[in-house]
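# Analysis of the macromolecular model
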Amino acid sequence: MGTDPAILVLGIGNLLWADEGFGVRAVEAMQRDWVMSSNVQLLDGGTQGIYLVDRVRTADVLVVFDAVDYGLPPGAMKRVEGDEVPRFLGAKKMSLHQTGFQEVLALAAMLGDYPEHLLLIGVQPVELDDFGGSLRPEVKARIAPAIAMALEYLAQFGVVAQPRSDSSVDTHDLPHPSLALNAYEAGRPAPEVACRIGDERFLASLSGRAIHRGERA
């Protein structure tokens, strides 16, 4: 690896399922608040899975933000490095994107282009089953510490990050501005208006069936 390694900071997850969006929100905030060295690329990987393999193959250093079920208290943050990363991503899958990203790492290794340095910064989710919901407060509070952890890690590779003093943020590889955290939270309907855990008509029918079964019992 040369003096200026190719560095990829990747956020993966689904913004539409509450704490599943932690990884994407972390990389979004990192881009918004910090000016990175020119050899550092920040990317919203979303749920692209195998389509991320070319990006991963070109990285000497890979940092991944994600919501991970570590079996820890909700909101707990944990860092994992090197060969342990795929094991933690697959220990207890919460969504298809984790299976997809395991495959990305496996394919990169098979092709001989596995990142020399790999760091996973994960947060234990509080809530996932809330379609259209946002990060829970415990998870949102971990964004800044997660970014600080990433910056500390990247410093060993000569990365110098400066606080951003203007609003000129390149959003090419980040969520569309309409999905930015503030816009997303301001625009989504309240759960009283739009049921976010399933269709109310379907839930009502399930409730009716449960009552009917109870009467027969």
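Residues numbered from 1 in each chain as written. Predicted model: local features only at pLDDT ≥ 70, side-chain atom pairs only at ≥ 80, totals over all residues. Heavy atoms only, no water.

### Re the overall build of the protein chain
- Check the secondary structure of the protein chain and you find 8 helices and 7 strands.
- For the protein chain, the residues scored as buried account for 43% of the 217 residues in total.
- Taking as baseline every contact in the protein chain between residues at least 6 positions apart, the subset at least 24 positions apart corresponds to 81%.
- Only carbon and sulfur atoms are counted for the fraction: they give 54% of the accessible area of the protein chain, which is about 11,200 Å². (Helix = DSSP H or I, 4+ residues; strand = E, 2+ residues; numbered from the N terminus. Buried < 20%, exposed > 50% of the residue type's maximum accessible area, 1.4 Å probe, protein only. Contact = heavy atoms within 4.5 Å. Areas by Shrake-Rupley, 256 points an atom, 1.4 Å probe, with all protein chains shown as cover.)

### Re the packing of helix 1 (residues 22-33) against helix 6 (residues 143-155)
- Packing of helix 1 against helix 6 leaves a shortest axis separation of 10 Å and a crossing angle of 65 degrees. In terms of their interaxial angle, helix 1 and helix 6 are classed as roughly perpendicular. In the packing of helix 1 onto helix 6, the handedness of the crossing is right-handed. Here F22, R25, A26, A29 and M30 of helix 1 come into contact with helix 6, specifically with I143, A146, I147, A150, L151 and L154.
- Per-class residue counts for the contact of helix 1 with helix 6 are 10 nonpolar, no polar and 1 charged. (Axes fitted to C-alpha atoms, helices over the stretch in contact; angles between N-to-C directions. Parallel < 35°, antiparallel > 145°, perpendicular 65-115°, else oblique. Left-handed = near helix turned anticlockwise from the far one by under 90°. Nonpolar A, V, L, I, M, F, W, Y, C, P; charged D, E, K, R; others polar.)

### Remarks on the side chain of D44
- Note on placement: D44 falls in strand 3 (residues 40-46).
- Polar contacts involving the side chain of D44 include one to the main-chain amide nitrogen of G46, which spans 2.9 Å. (Polar contact = N/O pair within 3.5 Å; in protein donor to acceptor, adjacent residues only side chain to side chain.)

### Remarks on the environment of E138
- Of note, E138 is situated in helix 5 (residues 137-140).
- For E138 and Q124, which are 14 residues apart along the polypeptide, the C-alpha to C-alpha distance reads 9.5 Å.
- Discounting chain neighbours no more than four positions away, the residues touching E138 are G75 and V126.

### Quick word on the confidence of the model for the protein chain
- With 78% of its residues at a pLDDT of 70 or more, the protein chain has an overall mean of 82.
- Taken element by element, the protein chain is modelled with least confidence in helix 8 (residues 200-216), mean pLDDT 54, and with most confidence in helix 6, mean pLDDT 97. (pLDDT = per-residue confidence, 0-100.)

### What about the pattern of salt bridges?
- Considering all chains together, one arrives at 6 salt bridges under this definition.
- Between R79 and E81 there is a salt bridge, with the nearest N and O atoms lying 2.5 Å from each other.
- R79 gets classed as partly exposed once you look at its relative accessible area, which sits at 34%.
- With a shortest N-O distance of 2.7 Å, D130 and R136 are connected by a salt bridge.
- Residue classification places D130 among the buried residues on the basis of a relative accessible area of 6%.
- The class for R136 is partly exposed, based on a relative accessible area of 21%.
- What you see here is one network of salt bridges that share partners, running through D54, R57 and D113. (Salt bridge = Lys/Arg side-chain N within 4 Å of Asp/Glu carboxyl O.)

### Structural notes on the nonpolar core
- Core analysis: the largest hydrophobic core is formed by 30 residues, its most contacted members being V9, F22, M30, F65 and L154.
- Listed by contribution, the elements that provide at least two residues to this core are strand 1 (7-12), helix 1, strand 3, strand 4 (61-67), strand 6 (117-123) and helix 6.
- Sorting elements by how many residues they give to this core places helix 6 first, with 8 residues.
- Those residues in contact with F22 that sit more than four places away from it in its chain are D66, A67, I121, V123, L135, V139, R142, I143 and A146. (Core = buried A, V, L, I, M, F, W, Y, C linked by side-chain atoms within 4.5 Å.)

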